[in-house]
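What follows is the residue order along each chain.
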Amino acid sequence: MATVAAAAARATREEILERARSMVPALREKALQTDEDRSIPVETHRAFEDAGFYKLFQPARYGGYEMPIRMLVEVAGELGRGCGSSAWIFTNLATQNWIIGMHRPEAQDEVWGRNPRALCASSFPTQGGVGRYVEGGLVLNGIWSFASGIDFVDWENLQCFIPNEKGPPDHRFVLVPKTEFSLKDDWFVTGLSGTASKSIVFKDVFVPAHRVLDTRLIGGGPSPGSAVNPAPLYKVPPWSVGTKLFSGVCLGIAKGALELIVEDLRSRVAVTGVKMAELPTAQVRIAEASAEIDAAEAVLLKDSDDAMRIAETGDDKPPLIQRARWRLNNAYAGQLCLRAVERLHALTGARGLGRDSLYHLAVRDIHAAVSQITMAWDIQSVNAGRIVFGLPSLDPRL
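Residues numbered from 1 in each chain as written. Predicted model: local features only at pLDDT ≥ 70, side-chain atom pairs only at ≥ 80, totals over all residues. Heavy atoms only, no water.

Looking now at the packing of aromatic side chains. With the rule as written, the count across this model stands at eleven aromatic pairs. Ring centres of Trp 88 and Phe 246 lie 5.1 Å apart, and the angle between their planes is 40°; on these two criteria the pair is classed as tilted. In this pair, Trp 88 sits in helix H5 (residues 84-100) while Phe 246 sits in helix H7 (residues 244-267), placing the two residues 158 residues apart along the sequence. Pair check on accessibility: Trp 88 and Phe 246 agree, each one buried. Measuring from ring centre to ring centre gives 5.4 Å for Phe 173 and Trp 239, while their planes differ by 5°; the resulting arrangement is stacked. On the criterion of sequence distance, the pair formed by Phe 173 in strand S5 (residues 170-177) and Trp 239 in the loop between strand S8 (212-214) and H7 is long-range, its members being 66 residues apart. Three or more aromatic residues joined by ring pairs make a cluster, and in this case those are Phe 48, Phe 53, Tyr 54 and Phe 90. (Phe/Tyr/Trp six-rings, centres within 6.5 Å; stacked < 30°, edge-to-face > 60°. Helix = DSSP H or I, 4+ residues; strand = E, 2+ residues; numbered from the N terminus. Buried < 20%, exposed > 50% of the residue type's maximum accessible area, 1.4 Å probe, protein only.)

Pasting the structure below:
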């Protein structure tokens, strides 16, 4: 395993961001084919690997960079300019490396001890997947959905709900090697199609207890993994701040859509001979969309920095109202990005309606991104409002 000093020397924030920026033209060139293929190209995944993107939040003792959580927003904000699906794969796989760093040390060693480059996806039991307690661990049966990037990983860190006769089901993160489940190719969608977010199928799969993480232990402050990974990163709550993995992609998609429209309008002349860039209505739409994107980025980065600062200054768990506000801001930033992209629609013209339109790919992708449950405005705004008035959270994971 690498030392902290060796890991930290491998990349700086500026180097990582420059690598991300340099990839935008190639990602944009492949974006439509990625959407058609329902998967990012293998060479894109390998480029992300070589650039160190997946190491951003991996523990230093395995060669990771342990960078601040704001890098989710910043790197996705660059990569998403070129391809929303590709940015989504980056954020999802990089985030799992962060969460594995909160798992028990013996589970971390299983994942990375022999292969520090091992990657992990995650999924949710929307199709009836269930776990049950047995002696020494859990047994999994059924189907879990939305395993973004599953084709490129070695492990799965799935969310599992275990029936509890005394109350709500117990929620756990469960680490399972890819060799112990099968894939179901059911990702046929209109947005973020290139994420290949297939389902995974389990049949009587036993998982030992050390690979089962009680998610109540990662709500902020010390986690089971922070004893061996003392960086503040592993004390940051993923259910509130970690959802930047979705909103960061929205930010990148919106930035890319704005760039595409501005580039088009610079040289476009209407049939009447009017230069589109000189139309006040076009100028206002561009200005408003730009301001919305800037506002979204500002709130996402502020939340990320505030969470890191709290983790750096002590072991206290942030209060529920603070965690709810982080989640609320996350969803609101997504809405700002969505509004910006939709505001630009009137500027595309009829010729921009073709299936080869990168702008319309951005429209489809951002609608898909804000449909993710932690991004869904109706759900998150209601929950945050409840908590302001002292009512219990509708999401026990928060």
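Its boundaries defined by the atoms lining it, the largest pocket holds a volume of some 720 Å³. Taken together, 34 residues make up the lining of the largest pocket; nearest its centre are Trp 88, Asn 92, Phe 146, Phe 246 and Gln 372. Counting residues per element, the ones that place at least two in the lining of the largest pocket are H5, strand S2 (124-134), strand S3 (137-147) and H7. By residue number, the principal contributor to the lining of the largest pocket is H5, which donates five residues. For the lining of the largest pocket, the per-class residue count stands at 15 nonpolar, 18 polar and one charged. (1 Å grid on protein atoms, 1.4 Å probe; cavity = no way out; pocket = protein on both sides within 12 Å on 5 of 7 lines; lining within 4 Å. Points joined across faces, edges and corners; volume = space filled by probe spheres on them. Nonpolar A, V, L, I, M, F, W, Y, C, P; charged D, E, K, R; others polar.)

Within the fold, Arg 268 resides in the loop between H7 and helix H8 (280-313). Within polar-contact distance, the side chain of Arg 268 engages the side chain of Asp 264 at 2.7 Å. (Polar contact = N/O pair within 3.5 Å; in protein donor to acceptor, adjacent residues only side chain to side chain.)

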